[in-house]
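Listed below, chain by chain, are the residues.
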Amino acid sequence: MASLPPQPAQRPAWQRALWLAAGALALATGIVGIVLPLLPTTPLVILAAFCFARGSARWERWLLNHPRFGPMLRAWRARRVIPWRAKLLAWVMMALGAGWAAWTLPGPWRWLPAVVCVAVALWMARLPSR
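**Comments concerning the side chain of Thr41**
(1) Moving on: Note on placement: Thr41 falls in helix 2 (residues 41-55).
(2) Moving on: Judged by its relative accessible area of 16%, Thr41 is buried.
(3) Moving on: Among the polar contacts listed, one links the side chain of Thr41 to the backbone oxygen of Gly33, at a separation of 3.4 Å.
(4) Moving on: Every residue in contact with Thr41, bar those within four places of it in the chain, is listed here: Gly30, Gly33, Ile34 and Phe69.

Below, the structure written as structure tokens:
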């Protein structure tokens, strides 16, 4: 009879609560990023799944089975794939947001959103799309 792999130790309640809160914050920010161009939704939803995996199996399962986010997350976990359409939408929205920030922010801060967006865009560009 084959033995089952050892189960990871249960985290203390305070750690699970922090992971759950971080996942909820990442997911909420990602959802806001659907309409605000400066926030990249895809990496934030991936971060939310990462946090939920450590804080709540129920929330992780809900996110993985979500009709909108589930397929993207399952592809990410299986093959580290971000779909081309998600990448393209993220790049366009980040470019618009960085342009808007450069137009409206005071002098010394104008470059910061663009630097962050370029870093996220380069990270996403190196990942496969299929």
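**Focus: helix 3 (residues 57-64)**
(1) Moving on: Looking at helix 3, one finds that the buried residues are Glu60, Leu63 and Leu64. Looking straight down helix 3, one finds its buried side chains confined to an arc of 95°; they lie on one side.
(2) Moving on: Looking at the buried residues of helix 3, the elements they touch are helix 1 (13-32), helix 2 and helix 4 (70-79).

**Examining the pattern of salt bridges**
(1) Moving on: Taken as a whole and assessed by the stated rule, the structure comprises one salt bridge.
(2) Moving on: With its nearest N and O atoms 2.6 Å apart, the salt bridge here joins Glu60 to Arg77. Placement of Glu60 in helix 3 and of Arg77 in helix 4 is noted, with a sequence separation of 17 residues between them.
(3) Moving on: The partly exposed category is assigned to Arg77, whose relative accessible area is 36%.

Cut-off values and rules
Residues numbered from 1 in each chain as written. Predicted model: local features only at pLDDT ≥ 70, side-chain atom pairs only at ≥ 80, totals over all residues. Heavy atoms only, no water. Helix = DSSP H or I, 4+ residues; strand = E, 2+ residues; numbered from the N terminus. Buried < 20%, exposed > 50% of the residue type's maximum accessible area, 1.4 Å probe, protein only. Polar contact = N/O pair within 3.5 Å; in protein donor to acceptor, adjacent residues only side chain to side chain. Contact = heavy atoms within 4.5 Å. Arc of directions from axis to C-beta. Salt bridge = Lys/Arg side-chain N within 4 Å of Asp/Glu carboxyl O.

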